[in-house]
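Commentary on secondary and tertiary structure
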Amino acid sequence: MSASAVNQVIPSLVRWDAIGNHSLQVQSLLREMGLESEIYVNDVGPEYAGQAHFFDRYRGQSGAWLMYQASTGSRLASWFAQRPEPKLVNYHNVTPPQFFERWEPRLADEMVDGRHQIAKLAGVARHGVAVSRYNEEELIEFGYRSTSTSPLMVDMSRFDVASDPTTAGWLDRQRQRGGPGILFHGRISPNKAQHDLVKALVAYRRLYDPRARLHLTGGASSGSYRYALRRFIAGEGLWDGVDMAGPVSSGELAAYFRGADVYVSLSEHEGFGAPLLEAMFNGLPIIAFASSAVPETVGDAALLLTDKAPGVVAAAIHRVVSDPALRASLVAAGKRRLAELDLSRTRASMRAVLAKVLEAGP
Amino acid sequence: MSEATGAGFDNERVMAEIRDEVARRRAAGDFPPSLERELDLAFDRYVPAGSVSSDFTEAVKAADRAAYINVAVPTESEKPGVGEVKRVLRKAMAWYLNYLAQQTTAFATASVRAMRSLGERLEMVEEQLAELAPARDDAADRPAVAPDLGRWVGLCTERLPSRGRVLHAECGSGALLRSLVDAGVDAYGVEPRGPLVDAAAAGGLEAWPDDPVEHLSAVAEGYLAGLVLSGCVDRLALPRQRRLIELAAAKLAPGAPLILIATHPAAWATAVPPLEVDLAPGRPLHPTTWAHLLGASRFTDVAVEDGGDTSALTARRSG
């Protein structure tokens with residue numbers, strides 16, 4: 001292997017970010033392979049301050065490759081493209097702009113730019129490695145000639161945290177009132193389609209149980225979408241039925257996962273869908289709309305919907321919460337799927353990809 | 001109830017049972033399609049206006065992009081120390097530049113908002129003009145030979161899936177709709193003319209008094225497993241016909257079939273003098289024109305079946 005170092009370039013390294021954690025795994029893997037590896041960022045959270053360098057401090061080194069963690073538009077992409085080192089792109093997907101056009105035109109434009117940047121890198125990158133087959137197909141569409149898929153590296157032990165007692169207690173009291181607790185974790189964002197979950201809740205309450213509750217955890221990517229969602233919830237008289245928890249700590253999130261009866265994702269675009277793994281880890285049965293990379297992430301560990309009409313989603317939720325055998329099957333399938341995506345396996349997969357690409361030389 | 005097995009479960013079978021349950025609850029009136037539509041409408045009320053795609057919209061978006069003045073000047077430099085100097089200068093001048101940038105951004109944003117508002121009003125006027133176009137009266141402007149939809153029953157039942165909701169718009173008094181339901185298709189209809197929809201509903205069919213374009217606007221994206229269009233495709237003015245096709249592309253699930261039954265222009269022309277035919281805004285389109293419109297709107301496998309007075313176009317929503 002002629003490479004002596006593979007340094008990563010990532011626009012943002014912040015806490016609880018699946019891509020940031022993946023980058024740290026890549027770094028430890030590269031070091032395990034006997035290579036030097038540093039992370040260069042445009043933005044870093046205080047908790048990672050000692051583990052990353054600002055990109056303008058980067059000085060080239062002989063025998064080094066650069067690897068770009070691509071998930072958003074960033075000026076780092078242009079900087080990366082102009083560097084003389086041999087390049088790799090690790091693609092996590094950039095949300096297609098049409099989801100944001102109605103809500104955040106400026107963000108949509110950034111997404112257009114982001115996708116253009118990824119496409120432009122096809123001309124300079126030696127290889128594109130995607131975290132899902134769905135993403136790899138996009139890389140091929142962008143014009144990448146050499147591509148592969150290696151799943152997102154998720155350290156499941158990070159999910160094994162103690163539940164926040166206050167949140168757990170509150171959720172327990174909610175549960176005692178009856179009705180199922182439905183959970184979705186992800187940023188409040190048009191592509192995640194939380195509004196469809198609210199519609200499904202309306203249908204469920206009308207058809208099956210008026211005590212059902214929906215918990216939405218995660219910060220917001222779009223203020224206007226969140227505002228519309230809140231008004232929609234108020235307009236449907238669901239203040240007592242929908243809990244928009246916002247950003248939560250790992251302990252609070254663990255409480256939400258452990259206090260729910262079913263995890264439902266109606267997201268229309270996921271490059272991988274890391275929270276689905278957290279649901280599996282916590283023994284939650286999953287119902288998911290079969291969009292983008294979701295089917296390959298869940299494998300057979302979710303009831304996959306091809307139609308998300310509120311009545312259909314409501315009936316699916318009812319079936320899962322009222323059919324213990326189906327629930328047990330889903331939970332068991334989730335455990336098997338987690339084993340398939342275990343960190344040791346995903347690291348081995350990424351290691352094989354990196355070894356092959358680096359072996360071929362610059 | 002499912003059986004718990006180590007080998008998992010049959011997603012297809014469970015979903016089929018769920019769809020049966022939904023069909024049963026819908027038929028019982030527990031959760032009518034109108035409620036789902038109301039939910040869509042309720043949320044759509046909060047969607048920001050001004051999101052249609054057109055050159056004007058693109059221009060406004062470009063202006064909106066440019067309206068924001070970013071004072072975070074790039075400070076990186078290849079030369080040692082220069083980046084630090086730039087950062088110090090940027091920080092020192094921030095109070096001054098921010099003051100100017102805020103005023104400029106406020107002015108530009110207000111201008112863009114005014115442009116958007118103007119665009120929305122213009123769009124409204126265009127829609128009203130399209131509505132005001134001398135649409136043909138139902139009774140007087142029907143083709144000399146009434147479209148015989150019966151001849152297309154076989155085609156429809158062959159192409160439409162037995163799973164998922166299928167819409168027939170406009171369904172008239174429900175003759176074709178009845179055939180579809182009898183053939184096991186989960187079909188419902190919309191029809192704007194009250195007496196006809198009443199007749200369909202009286203026959204036990206799920207038919208709603210609604211305008212096809214309005215109805216499709218309210219349906220969730222990708223919701224329909226199939227769509228049959230007839231009547232409206234002859235009657236509407238061209239902008240609304242195009243809108244109808246756009247909506248069909250948006251509301252059909254990927255791979256779902258569209259069947260469009262249109263009066264052949266030649267059949268219509270037999271009852272109307274040539275001059276009126278040429279000038280009439282609601283003149284039926286030639287099947288080739290429909291095929292072109294469908295091909296340009298995310299439909300594939302477009303084929304034309306000639307039935308004399310009427311033509312049926314079959315197409316599939318691209319995956």
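In what follows, the accompanying structure is described. As the structure is a prediction and not an experimental result, all values here were calculated from the model.

**What to know about the overall build of chain A**
Scanning chain A for helices and strands turns up 13 helices and 13 strands. When contacts within chain A are restricted to residue pairs at least 6 apart in sequence, long-range pairs at least 24 apart make up 70% of them.

**Focus on unusual backbone geometry**
Cis rather than trans, the peptide bond between Ala169(B) and Glu170(B) has omega equal to -5°. Note on placement: Glu170(B) falls in the loop between strand S1 (166-169) and helix H6 (175-182). Backbone geometry places Ala193(A), a non-glycine residue, at a positive phi of 55°. As for its placement among the helices and strands, Ala193(A) is situated in the loop between strand S8 (181-185) and helix H6 (194-207).

**Here's the deal with the interface of chain A and chain B**
Each side of the interface is counted separately: chain A has 37 residues, and chain B has 35 residues. Broken down by secondary-structure element, the contributors of at least two residues to the side of chain A that touches chain B are helix H3 (105-121), H6, helix H7 (223-235), strand S13 (303-305), helix H11 (310-322) and helix H12 (324-340) of chain A.

**What to know about H11(A)**
For an α-helix, the turn length of 3.6 residues means that residues three or four places apart are oriented alike. The end-to-end C-alpha distance of H11(A) is 18 Å, a good match for the 18 Å that 13 residues give at a rise of 1.5 Å each. For H11(A), the buried fraction is high: 12 of the 13 residues fall into the buried class.

**Focus on the pairing of strand S4 (residues 64-70) of chain A**
All names here are of chain A. The element S4 is extensively covered by neighbouring structure, given that 7 of its 7 residues are classed as buried. Here S4 shows two buried faces, one formed by Ala64, Leu66, Tyr68 and Ala70 and the other by Trp65, Met67 and Gln69. As defined by bridge partners, strand S1 (residues 5-13) adjoins S4 across 5 bridges and the pair is classed as parallel. Across the sheet, residue Gln8 finds its bridge partner in S4, namely Met67. Judged from the 5 bridges that link them, S4 and strand S5 (residues 87-91) form a sheet pairing that is parallel. The partner of Leu66 across the bridge, within S5, is Lys87. What joins S4 to S5 is helix H2 (residues 75-82), and the crossover it makes is right-handed.

**Description of the packing of helix H5 (residues 165-176) of chain A against helix H8 (residues 250-259) of chain A**
All names here are of chain A. Between H5 and H8, whose axes approach to 9 Å, the crossing angle comes to 25°. Comparing the axis directions of H5 and H8 gives the class roughly parallel. In this structure, H5 crosses over H8, and the sense of that crossing is right-handed. On H8, the residues that touch Thr167, Ala168, Leu171, Asp172 and Arg175 of H5 are Glu252, Ala255, Tyr256 and Gly259. The residue inventory of the contact of H5 with H8, partitioned by class, reads 4 nonpolar, 2 polar and 3 charged.

**Remarks on the sheet that holds strand S4 (residues 226-230) of chain B**
Within a sheet, each strand pairs with its neighbour through backbone hydrogen bonds, oriented either parallel or antiparallel. Residues and elements named next belong to chain B. A sheet is described by the order of its strands in space; here 7 strands give the open sequence S3-S2-S1-S4-S5-S7-S6, paired in mixed fashion. In the strand order of this sheet, the two ends are held by strand S3 (207-208) and strand S6 (299-307), each with one partner. Pairing analysis gives 2 bridges linking strand S2 (residues 187-190) to S3, with the strands arranged parallel. Each bridged residue has a counterpart across the sheet, and for Gly189 the counterpart in S3 is Ala207. Across the face of the sheet, helix H10 (residues 238-251) comes into contact with S4, strand S5 (257-263), S6 and strand S7 (310-317) while running at roughly 165° to S4.

**Structural notes on H6(A)**
For H6(A), which comprises 14 residues, the first-to-last C-alpha distance of 20 Å matches the rise-based estimate of 20 Å (1.5 Å per residue) to within 8%. Buried residues dominate H6(A), accounting for 13 of its 14 residues.

**Some words on the sheet that holds strand S11 (residues 262-265) of chain A**
Residue and element names in this part refer to chain A. Taken in spatial order, the 6 strands make up an open sheet running S10-S9-S8-S11-S12-S13, and their pairing is parallel. Two strands in the sheet have a free side with no partner beyond their single neighbour: strand S10 (242-246) and S13. Taking each pair of neighbouring strands and ignoring which way they run, the sheet shows an average axis angle of 20°. Relative to S13, strand S12 (residues 286-289) runs parallel, the two sharing 3 bridges. Looking at S13, one finds that Ala288 is bridged to Leu304. Helix-sheet contacts for H11 involve S8, S11, S12 and S13, and the interaxial angle to S13 is about 175°.

What counts and how
- Residues numbered from 1 in each chain as written.
- Chains lettered and ligands numbered in written order.
- Predicted model: local features only at pLDDT ≥ 70, side-chain atom pairs only at ≥ 80, totals over all residues.
- Helix = DSSP H or I, 4+ residues; strand = E, 2+ residues; numbered from the N terminus.
- Contact = placed C-beta atoms within 7 Å.
- Expected span 1.5 Å × (residues − 1).
- Buried ≥ 20, exposed ≤ 12 C-beta atoms within 10 Å, placed from the backbone.
- Pairing = 2+ DSSP bridges.
- Right-handed = clockwise from strand over helix to strand, strands pointing away.
- Axes fitted to C-alpha atoms, helices over the stretch in contact; angles between N-to-C directions.
- Parallel < 35°, antiparallel > 145°, perpendicular 65-115°, else oblique.
- Left-handed = near helix turned anticlockwise from the far one by under 90°.
- Nonpolar A, V, L, I, M, F, W, Y, C, P; charged D, E, K, R; others polar.

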